[in-house]
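# Tertiary structure, described
Residues per chain are reported as follows:
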Amino acid sequence: MLEARGFSFSFLTEIDTQAHKDFVARNWPNAVTRSNYEYNKWKYGQRSDGSINLLLCKKGNEVVGQIGYIPARLIVDGKEHDCVWGCNFKVEDAYRELGIGAALEIYASNTFPIILGNTPSIDSIKYKRSLGYKMLEGPRVMMFPVKADHLLQLKGSRLPEAVLQVATAVANPVLRRYNELRLRANTGEWLQANEHSISQRIVRRENETLLPHIKHDEAFLQWRLNVPAGLREKAKMYTSPDDDRSYAITSIAGKVLNIYDYCFSDKTVLKSFLKQVSCTDGISTIRIQANSNEEEVLLRESGFIPFRSKAVITAYSRDGLFDKIDKMYVTGYDGDIDL
């Protein structure tokens, strides 16, 4: 037993603030937010005893491992369930062969009735299966190239930097002209929206979704889209003036404009949105998720390039909720994407 060897497991409190800061400094030296107590309180939420849903493993007074858990509401067959998304897992290299990762997962499974995860590593999949997790099919990530540099870096990461620079310089003018021609006939200014107005469209769309999915009501949006001041620019919300169904929520991370959530009634509506947001300063790529074959066809026909594999969603339920489920509807702001 790890406890007999001086290890303990508990959720983050203010008492552990300095020890957790030291742990983050050792393992994520460039991560500004991961050691910020107030930010972690916002991201993970507080438990009834005042602690934060960030599970720690300590050796004496030193933090040596962690997993964070983001609360959400899961809809399955029209019924709501409390769930959490696991994220930000790390065990110190010196302690990796002791079973701390599995111990953290077991502790969490005795605490949370439903635990979800996104894009696990191969090693993580192996031991999650042994703990009773099921692997669900998730969405396919797709990219719309505004400029060539980001996709060339993804596709040709092993190429010398000088070669990538030359390829980018050649490709960018061609790609810019191609996009201008592809989107030139599409007009219509999308309108800025707020959490209240856009949530009505989101709820309507999700009511039509048969797959298990996270509930994105106004309360969720008020939390998720309002990152604590000074850490990130607020996500932008749009509605189409041409119909009462289409909407999109976007956020920028580096050179990537993420479309967190969306509904595009047809190709013309989608292209009018792409024409508007592709002019955003500093972006190279627009990133989106397709949760159905219909969405994937619509996005392909509008210029998006698909990733080869679909996302894998890990799903644990104490009561066998996922026994007959093989797929889940997942958006760009489920879990800890960009957080």
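One structure accompanies this document, and this report is about it. Quick caveat, the model's predicted, so the values are computed rather than measured.

Here we take up the overall build of the protein. Within the protein one finds 10 helices and 15 strands. Its C-alpha atoms give the protein a radius of gyration of 21 Å, within 12% of the compact-globule value 20 Å for 339 residues. Seen through its principal axes, the protein has C-alpha atoms that stretch 70 × 50 × 40 Å. Counting all 339 residues of the protein, 50% fall into the buried class. Expressed as a percentage of contacts within the protein between residues at least 6 apart in sequence, the contacts between residues at least 24 apart total 73%. Only carbon and sulfur atoms are counted for the fraction: they give 51% of the accessible area of the protein, which is about 16,800 Å². If you average the places of the 45 positive and of the 42 negative side-chain charges in the protein, the two averages end up 5 Å apart.

Every buried residue of helix 10 (residues 293-301) is accounted for by Glu 295, Glu 296, Leu 298 and Leu 299. The buried residues of helix 10 occupy an angular sector of 165 degrees when the element is viewed end-on, so they sit on one face. Facing away from the buried side of helix 10 by more than 90 degrees, the exposed set consists of Asn 293 and Glu 294. On its buried face, helix 10 is in contact with strand 7 (140-145), helix 7 (195-207), strand 12 (256-263), helix 9 (267-277), strand 13 (285-290) and strand 14 (305-306). Looking at the residues trailing helix 10, positive phi occurs at Gly 303, about 110 degrees.

We now examine the side chain of Glu 296. Looking at where Glu 296 falls in the secondary structure, it is placed in helix 10. Under the relative-accessibility criterion, Glu 296 is labelled buried at 9%. Residues within four places of Glu 296 in sequence aside, it is in contact with Arg 140, Met 142, Ala 290, Pro 306 and Lys 310.

The next subject is the environment of Gln 192. Along the chain, Gln 192 turns up in strand 8 (residues 191-192). Sequence-wise, Gln 192 and Tyr 238 are 46 residues apart; in three dimensions their C-alpha atoms are separated by 4.7 Å. Apart from the residues lying within four places of it in its own chain, the contact partners of Gln 192 are Lys 236, Met 237 and Tyr 238.

Most of strand 5 (residues 114-118) sits inside the fold, with four of its five residues counted as buried. Here two bridges tie strand 4 (residues 79-91) to strand 5, and the two strands are oriented parallel to one another. By the bridge assignment, Val 84 is partnered in strand 5 with Ile 115. In this fold, the crossover linking strand 4 to strand 5 by way of helix 3 (residues 100-109) has right-handed handedness.

With that out of the way, let us pick up the nonpolar core. Grouped together as the largest cluster of nonpolar side chains are 45 residues, with contacts concentrated most on Trp 85, Ile 214, Ile 249 and Met 328. Sort the elements by how many residues they give to this core and strand 3 (residues 62-76) lands first, with five residues. The contact partners of Met 328, leaving out residues within four places of it in the chain, are Leu 74, Trp 85, Leu 116, Leu 136, Glu 137, Gly 138, Leu 211, Pro 212, His 213, Ile 214, Asn 291 and Ile 313. Counting 23 residues, the second-largest nonpolar core is a separate cluster that includes Leu 183, Ile 283, Ile 288 and Phe 304.

This part covers empty space enclosed by the protein. In the structure shown here, the tally under the stated rule is four cavities of 30 Å³ or more. Counted as a void, the largest cavity has a volume near 60 Å³. If you go around the largest cavity, the residues you meet are His 20, Val 24, Thr 33, Arg 34, Tyr 39, Asn 40, Lys 43, Tyr 44, Leu 54, Gln 66, Asn 88 and Leu 339. Ranked by residues supplied to the lining of the largest cavity, first place goes to helix 2 (residues 37-44) with four residues. Taken together, the residues of the lining of the largest cavity break down into five nonpolar, five polar and two charged.

Moving on: unusual backbone geometry. In this model, Asn 88 sits at a positive phi of 55 degrees, which is unusual for a non-glycine residue. Following the sequence through the fold, Asn 88 ends up in strand 4. When its relative accessible area of 9% is taken as the criterion, Asn 88 is described as buried.

Here is what the cut-offs are and how they apply
- Residues numbered from 1 in each chain as written.
- Predicted model: local features only at pLDDT ≥ 70, side-chain atom pairs only at ≥ 80, totals over all residues.
- Heavy atoms only, no water.
- Helix = DSSP H or I, 4+ residues; strand = E, 2+ residues; numbered from the N terminus.
- Rg over C-alpha atoms; globule rule 2.2 N^0.38 Å.
- Buried < 20%, exposed > 50% of the residue type's maximum accessible area, 1.4 Å probe, protein only.
- Contact = heavy atoms within 4.5 Å.
- Areas by Shrake-Rupley, 256 points an atom, 1.4 Å probe, with all protein chains shown as cover.
- Lys, Arg positive; Asp, Glu negative; His and termini not counted.
- Charge placed at Lys NZ, Arg CZ, Asp CG, Glu CD.
- Arc of directions from axis to C-beta.
- Pairing = 2+ DSSP bridges.
- Right-handed = clockwise from strand over helix to strand, strands pointing away.
- Core = buried A, V, L, I, M, F, W, Y, C linked by side-chain atoms within 4.5 Å.
- 1 Å grid on protein atoms, 1.4 Å probe; cavity = no way out; pocket = protein on both sides within 12 Å on 5 of 7 lines; lining within 4 Å.
- Points joined across faces, edges and corners; volume = space filled by probe spheres on them.
- Nonpolar A, V, L, I, M, F, W, Y, C, P; charged D, E, K, R; others polar.

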